[in-house]
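Each chain, written out:
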Amino acid sequence: MYSKKRIFISLLFASLLTSCGSSSNISKNIYPFSTYLTINFYNENNVNIDEITNIIDEYDKLCDPYNAYDGINNLYTINNSNDFIKVDAKLYDILKMSIDAQEKTNGYFNPLIGNLSLTWKEAIENKTLPNDDLISKEILEINNSSLEFKDDYMIKINGEANLDLGGITKGYVLSILKDYLATKNITKYLINGGNSSIILGNKNGEEFKVGINNIGAGFKAKETSIGTSSVDEQYFEVNGITYSHIINPFTGSAVSKHETVVVINDNATLMDIYSTVFMMLDTEEITKIANENNFKVIVIDNKQITYKDSEIELYV
Amino acid sequence: MRKNLIKKISLISILAALAIILSIVESFIPLGIPGVKLGLANVVIIISFYVFNFWYALGIAFVRVFVSSLLLGTIFQMGFFMSLTGSILSLLVMFLLKVIFKKLSVIGISTVGSVFHVSGQILIAILYMGNVMVYYYPLILVCSIVTGVLTGFISLYVMKLKVFKTFNSSSNKDEQKE
Amino acid sequence: MFKKYKRDIILISSLLIISLLACLVYFNFNGSSTNLVANITDSNNVVTQINLEKETETEREIIVDGLHQDLKVGVKHNAIRVIYSSCPHQDCVKMGTVSTTNKPIVCLYNKVYIVLISNSDGNDINI
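Residue and element names in this part refer to chain A. An order of β3-β5-β4 is seen for the 3 strands of this open sheet, with the pairing classed as antiparallel. The outermost strands of the open sheet, each flanked by one partner alone, are β3 (85–86) and β4 (146–150). One ladder, built from 2 bridges, connects β3 with strand β5 (residues 154–158); its direction is antiparallel. Residue pairing for β5: Ile85 is matched across the bridge by Ile155.

Right, here's the structure in full:
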């Protein structure tokens, strides 16, 4: 009797400890566009995760400039052809949007940056500076190339440059997902693309806590989207100068003007585009554009905040 | 009397040798969790503790730790210091426990001894490596209780062998009381 | 016969219960698995910090100063493991890949240990 009572009590205690509260939180990690994407839903019971991953997967294939997929005309197909290629309406749409973005950003966003981008990617991997002549050649190619559109979803590249939509794809797909979730009445979510393109709903009604590592502070946000660009995502250093994956399409330079830029606004596509573009602009220009477009921005240089929109409240 | 003394010396030497051999053998038996051993050599220590006294047991424990680490090539390394501390601590506690709680049997004493053996080892590991070693403590503790009970049972039955009966030991006294 | 061992049973059961509870408490702390930073302490007590959140899915090797021989440690996105160590029991290598903050990797022989901490501080997103 002694031992039976003892066993019962200890088992009870044990079960209490192990039955930690379980709510219907859904979480999934996938790896599209070379990005670690995490999808989180909080107490949402009608989520079709497969539908969402299918949408992402489709765009992943369409926007891939390095691989071909059977039966799909994607970026790789367009890059490797001198003729008009008929593409899916989705890809046509993104490409049209990138041309618009190019105009809107006065050329700082350029979809034909493929070769230049690849050159610097290899440079980061090998930690050696690329040849200046090569860079000049590629800039010339970009200047002499253009994207041509024809009816019935036909696209062609004129010239030697190649397409790379890295600066817009994540944001664009997240925009699509944002609309999709809105139509399904799903509001409690967080979809985080590599900590650089994020769409936020709310966390059971509450705001999300967003921490910025290099300044040791953070802010709270909900029901919006955030785009960030940071030099330490991919970089290498030579002689004390940091070269990153953000390339200036005019000069071919991989040296950014800032350490980190955070842009907050409802439009996820624009956040992706501008977070990259702002890394190439002076703080004054950034604040001007931000005010014109109703973006909230944080600019960080040397681990300190250079500019922060007054509406953003920081906590430590 | 002289015959008794010779028998005593021979028995102690055999026990010491046995402790060394068992110690080396069980170092080759992996149990999955780092630092957990079967405790076969501890059977010998406990038997010496009961059949003789605390000091003989301590002596055999010392011999076991020194010689086995010499033979295994681990002398004056971490394992050696851990075993040494564990052995001393466990024997001290077993002695105190036996004196204070006379009604406890070998099994109970052996389990407590096992617990303090690993506790001594972990203590040295923490002093050497830092607080990270605390992570291993709970699991090793549970294992030590299990091996302690096992060791206790084995000791209990081995002690009943005739060879140990001729000594004026505590196990004999217990038997006489019943 | 069991009456004789009554005290032993009480003693052993209480020890067992206490240690099992300690196990449950300890091992129920699942630890974070996101935004991890690895603190590798080598045999010279030098701590190397590696931001595992920023690592890619491809494993890369780092060399850690061991007491007897250097260790080879593999790091990738939010995961770390010991690839090679000269210790006799290979406990650290057998531990495999660790990707949560509640499991340290320890090599007693070479006096090296790896502890993962979460950089999140309760943040939902970390830029």
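Still more to cover.
Once that is clear, we can look at helix α6 (residues 132–143) of chain A. Given 3.6 residues per helical turn, the α-helix brings residues three or four places apart onto the same face. For α6 of chain A, with 12 residues, the first-to-last C-alpha span of 17 Å sits near the 16 Å given by 1.5 Å per residue. Buried residues belonging to α6 of chain A abut α5 (114–126) of chain A.

This paragraph deals with the nonpolar core. Val262, Val263 and Val297 of chain A are the most contacted members of the largest nonpolar core, which totals 74 residues. Setting aside residues up to four positions removed in sequence, Val262 of chain A forms contacts with Ile212, Ile226, Thr228, Val297 and Ile298 of chain A together with Ile127 of chain C. Within the second largest apolar cluster, 71 residues are counted, among which are Val44 and Ile145 of chain B together with Cys87 and Val115 of chain C.

Attention shifts here to the packing of helix α2 (residues 40–51) of chain B against helix α3 (residues 54–72) of chain B. Residues and elements named next belong to chain B. Close contact between α2 and α3 brings their axes to 7 Å; oriented N to C, the two are set at 155 degrees. Comparing their axes, α3 and α2 come out roughly antiparallel. Seen along the crossing, α2 lies across α3 with a hand that is right-handed. For the pair α2 and α3, contact is made by Ala41, Val44, Ile45, Ser48 and Phe49 and by Phe54, Tyr56, Ala57, Ile60, Ala61 and Arg64, respectively. Of the residues that constitute the contact of α2 with α3, the class distribution is 9 nonpolar, 1 polar and 1 charged.

The next thing to look at is the sheet that holds strand β5 (residues 79–84) of chain C. Residues and elements named next belong to chain C. Spatially, the 3 strands line up as an open sheet ordered β3-β4-β5, and their pairing is antiparallel. Looking at strand neighbours, the two that pair on one side only are β3 (60–64) and β5, the edges of this open sheet. Pairwise comparison of adjacent strand axes, ignoring direction, gives a mean angle of 30 degrees for this sheet. Two strands pair when backbone bridges link them, and strand β4 (residues 71–76) and β5 are joined in this way by 5 bridges, in the antiparallel orientation. Looking at β5, one finds that Val73 is bridged to Val82.

Residue and element names in this part refer to chain A. Its place among the elements puts Asn302 in the loop between β14 (296–301) and β15 (304–308). For Asn302, a count of 8 C-beta atoms within 10 Å gives the class exposed. The spatial distance from the C-alpha of Asn302 to the C-alpha of Thr260 is 9.0 Å, given a sequence separation of 42 residues.

Definitions and cut-offs
Residues numbered from 1 in each chain as written. Chains lettered and ligands numbered in written order. Predicted model: local features only at pLDDT ≥ 70, side-chain atom pairs only at ≥ 80, totals over all residues. Pairing = 2+ DSSP bridges. Helix = DSSP H or I, 4+ residues; strand = E, 2+ residues; numbered from the N terminus. Expected span 1.5 Å × (residues − 1). Contact = placed C-beta atoms within 7 Å. Core = buried A, V, L, I, M, F, W, Y, C linked by C-beta atoms within 7 Å. Buried ≥ 20, exposed ≤ 12 C-beta atoms within 10 Å, placed from the backbone. Axes fitted to C-alpha atoms, helices over the stretch in contact; angles between N-to-C directions. Parallel < 35°, antiparallel > 145°, perpendicular 65-115°, else oblique. Left-handed = near helix turned anticlockwise from the far one by under 90°. Nonpolar A, V, L, I, M, F, W, Y, C, P; charged D, E, K, R; others polar.

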